Amino acid sequence: MVSKAETNRRGFLRVGSGMAAAALAAACAPVAAPAPAAPATAPNPAAAQDTAFKKQWDELVAAARKEGQLMCVMGTGGTGWKRVLADFETAYPGIATENSSFASINLWIPRVTQEMKSGVYTWDVAVQGPTSSIRVLKPQGAYEPIRPLLIHPDVLDTQKWYAGFDGGFIEDKKPETGYSFQWDIRRQLWVNTDTIKPGQIKTVQDLLKPEFKGKMAFQDPRNSGHTYLLSTVLRLKYGNDFLKKLFVDQEPTILRDTRAAAEGLIRGKFLVVTGIDGSILSDFKEKGIPFKVDTLVTPDGDFLFGGSPIFAMAKPPHPNAAKLFINWFLTKDGQTSVSKHIEYNSRRKDVTPFDKSSIPQEGDEKKFMRLDAEAIFDDIEKSQEVAKQLLG
C-alpha cells in the first residue's frame with residue numbers, strides 16, 4: 001500500500017516532468033517573428049500645401065479687412081460693376097468698395113497721369129482697355145506686375161482656363177501687368193432689332209448703303225477701343241479707303257460718351273452704333289426703359305478678344321484689399337459674378353457662358369483676328385492714326 005506522502009511525491013514528479021517537457025518543447029520550437037510595426041504615415045504634400053495656403057489666405061483676408069476699403073476703376077461704370085463689387089463685399093464683409101466711373105479710358109488716363117506727377121495714388125485696381133493701358137500708362141509706372149499677386153490655387157489651375165492660365169497675360173514681355181479674363185468672338189456693332197431686321201446687314205460693307213448715311217454713331221475711332229479695334233480689322237481687310245467711306249462719307253455721329261450711344265440706339269435715333277456693352281445697358285433695364293438691342297454678327301468685322309484686362313495699380317492705398325480682390329475676381333465665384341452682371345463670357349471653363357454663340361470654337365483662332373494681345377498693338381495704333389487723319 002502506497003502511503004499518502006508517496007502519492008503526493010509521485011504527483012509532484014509528474015507535474016514537474018510535464019512542465020520540464022513543455023519547457024523543452026518551447027525551447028526547441030522556432031522563434032516566432034515579431035509582429036510588423038505599423039507603417040509610418042506617408043507625407044501628404046497636397047495637404048501640407050492646402051494648410052499653408054489657408055494660413056496665407058486667412059492672413060491676407062485679415063489684413064484686407066484691417067484696411068477696410070478698396071478703390072476701383074471698373075470699365076466705364078454702370079450698375080453691373082456695382083453688383084460685382086457688391087458680391088465681393090458679401091464674400092468678404094468689412095471691406096467697403098468704391099468705383100470711380102469715367103465715360104472712356106481717355107478721360108481716366110490724364111487723371112492718373114496728373115495725379116502720379118503730384119505723388120498721388122488713388123486707386124487699387126482697374127479694369128480698362130489694353131492698348132492705352134500698356135502703351136500709355138504702363139511706361140509711366142501706373143501699374144505693378146500682377147503675376148506675383150495671383151496666389152489662389154483656383155486661379156493658378158491652368159486646366160480651368162481657355163488657352164491656359166498663361167494665356168491671360170496680354171504683354172509680350174515681362175513685367176506682366178494686365179490679365180485678360182474674357183473669352184469672346186467680339187462683335188462691336190449694335191443694332192435696334194425693332195428697326196434692323198435679320199439679314200438686313202450681312203457684312204460691314206452693307207453699312208456703306210445709302211439708307212445708313214447719317215444714321216450711325218461710332219465711338220470715336222481715334223481713341224476708343226470699341227471702334228478702333230473694329231477699324232483695325234476693317235483696315236487690314238479692306239484698306240484705308242474703306243475707313244474713309246465709313247467714317248467720313250457715311251457721315252456718322254462720332255461720340256465719346258458710351259451712354260449717349262446706347263440711349264440713341266434705344267430711342268431709335270441711330271440704326272447702328274459702337275461703344276456699348278452689357279454694363280451700360282443694365283442701367284436702362286434698372287430704370288424700366290424697354291428696348292430691343294443686340295450685337296450684329298458680321299463675319300468680316302468680328303474678331304477674337306479677351307476684353308479689358310484687370311490691372312493692379314502701382315502704390316495702391318490698400319494693397320492687401322487689392323490683392324484679395326484680384327484673386328477673388330479670377331476665381332470661379334468672381335468670374336461667375338462678372339459673367340452674370342457684365343454679360344461677358346469668362347475665360348474660365350467652369351463658368352457658364354453668358355452667350356454660348358460667341359464662345360470661340362476650335363479653329364476660330366485661324367478664322368478670326370485676335371486683338372487682345374500686345375503683338376497686335378502696332379496695327380491698332382496705326383488704325384488710330386488713320387482715323388485721326390480722316391477726322392482731324
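Please read these numbers as outputs of a predicted model, since none were measured by experiment.

Engineer: Just give me the short version of the side chain of D124, but keep the residues and values in it.
Structural biologist: Structurally, the position occupied by D124 is in the loop between α4 (105–117) and β3 (125–127). Put simply, D124 is tucked away with no salt bridge, and the nearest opposite charge, on R111, sits 13 Å away. Here the side chain of D124 touches M71 through a polar contact of 2.7 Å, landing on its backbone nitrogen. Beyond its immediate stretch of four places on either side in the chain, D124 contacts Q69, L70, M71, F311, A312, M313, P316, P317, H318, P319 and A322.

Engineer: Give a description of the environment of L156 that names residues and reports values.
Structural biologist: Residue position: L156 is located in helix α6 (residues 153–156). For the pair L156 and N327, spaced 171 residues apart in sequence, the C-alpha separation works out to 9.6 Å. The residues contacting L156, other than those within four sequence positions of it, are L150, I151 and F165.

Engineer: I'd like to hear about the packing of helix α7 (residues 225–238) against helix α14 (residues 377–391), residue by residue, with values.
Structural biologist: Here α7 crosses α14 at 95°, and the two axes come no closer than 9 Å. One way to sum up the angle between α7 and α14 is to call them roughly perpendicular. Residue-level contacts link Y228, L229, S231, T232, R235 and L236 of α7 to D379, I380, K382, S383, Q384 and V386 of α14. Here the contact of α7 with α14 is built from residues that sort into five nonpolar, four polar and three charged.

Engineer: An account of the environment of D372 is requested, with residue identities and associated values reported.
Structural biologist: Among the secondary structure elements, D372 is positioned in the loop between α13 (364–367) and α14. When the C-alpha positions of D372 and S308 are compared, they lie 8.2 Å apart, and in sequence the two are 64 residues distant. What D372 contacts, discounting residues up to four positions off in sequence, is I170, S180, L304, F305 and G306. Polar contacts involving the side chain of D372 include one to the main-chain amide nitrogen of G306, which spans 3.0 Å. Within the structure, the side chain of D372 is placed 2.7 Å from the side chain of R370, a separation counted as a polar contact.

Engineer: Any details on the pairing of strand β8 (residues 216–219)? Residues and values, ideally.
Structural biologist: Burial along β8 is two-sided: the residues M216 and F218 and A217 and Q219 are all buried. As paired elements, β8 and strand β10 (residues 272–273) share two bridges and run parallel to each other. Bridge assignment links M216 to a residue of β10, and that residue is V272. Pairing of β8 with strand β9 (residues 253–255) involves three bridges; the strand directions are parallel. Along β9, the bridge assignment pairs A217 with T253.

Engineer: Now, about the packing of helix α3 (residues 79–91) against helix α12 (residues 332–342): what can you tell me, with residues and values included?
Structural biologist: Where α3 meets α12, the closest approach of the two axes is 8 Å, and the angle between their N-to-C directions is 155°. When the interaxial angle is binned, α3 and α12 end up roughly antiparallel. As for the relative orientation of α3 and α12, their crossing is right-handed in sense. Between α3, through G80, W81, R83, V84 and D87, and α12, the contact on the second element is made entirely by S337, V338, H341 and I342. Split by residue class, the contact of α3 with α12 holds four nonpolar, three polar and two charged.

Engineer: Tell me what's going on with unusual backbone geometry, and back it up with residues and numbers.
Structural biologist: Peptide bonds are, in most cases, trans, and in most cases residues other than glycine have a negative phi. P175 follows K174 through a cis peptide bond whose omega is 0°. Structurally, the position occupied by P175 is in the loop between α6 and β5 (178–179). For A163, which is not a glycine, the phi torsion comes out positive at approximately 70°. Along the chain, A163 falls in the loop between α6 and β5. A positive phi angle is found at E251, which is not glycine, with a value near 50°. Inspection of the secondary structure puts E251 in the loop between α8 (240–249) and β9.

Engineer: Kindly report on the sheet that holds strand β7 (residues 190–192), identifying the contributing residues and their values.
Structural biologist: Sheet architecture is open: five strands sit in the order β9-β8-β10-β7-β11, paired in mixed fashion. On the outer flanks of this sheet lie β9 and β11 (293–295), each paired with one strand and no other. Here β7 pairs with β10 via two bridges, running antiparallel. Note on β10: the bridge partner recorded for W190 is V273.

Engineer: Would you mind going over the pairing of strand β13 (residues 310–313) in detail, with residue names and values included?
Structural biologist: Of the two faces of β13, both are covered, the one formed by I310 and A312 as well as the one formed by F311 and M313. Two elements, β3 and β13, share three bridges in a ladder whose sense is antiparallel. Looking across to β13, one finds that V125 is bridged to A312. Judged from the two bridges that link them, strand β4 (residues 143–144) and β13 form a sheet pairing that is antiparallel. Bridge assignment links Y143 to a residue of β13, and that residue is M313. By the bridge criterion, two bridges tie β5 to β13 in an arrangement that is antiparallel. Looking at β13, one finds that Y179 is bridged to I310.

The rules behind the values
Residues numbered from 1 in each chain as written. Predicted model: local features only at pLDDT ≥ 70, side-chain atom pairs only at ≥ 80, totals over all residues. Heavy atoms only, no water. Helix = DSSP H or I, 4+ residues; strand = E, 2+ residues; numbered from the N terminus. Buried < 20%, exposed > 50% of the residue type's maximum accessible area, 1.4 Å probe, protein only. Lys, Arg positive; Asp, Glu negative; His and termini not counted. Salt bridge = Lys/Arg side-chain N within 4 Å of Asp/Glu carboxyl O. Polar contact = N/O pair within 3.5 Å; in protein donor to acceptor, adjacent residues only side chain to side chain. Contact = heavy atoms within 4.5 Å. Axes fitted to C-alpha atoms, helices over the stretch in contact; angles between N-to-C directions. Parallel < 35°, antiparallel > 145°, perpendicular 65-115°, else oblique. Nonpolar A, V, L, I, M, F, W, Y, C, P; charged D, E, K, R; others polar. Pairing = 2+ DSSP bridges. Left-handed = near helix turned anticlockwise from the far one by under 90°.

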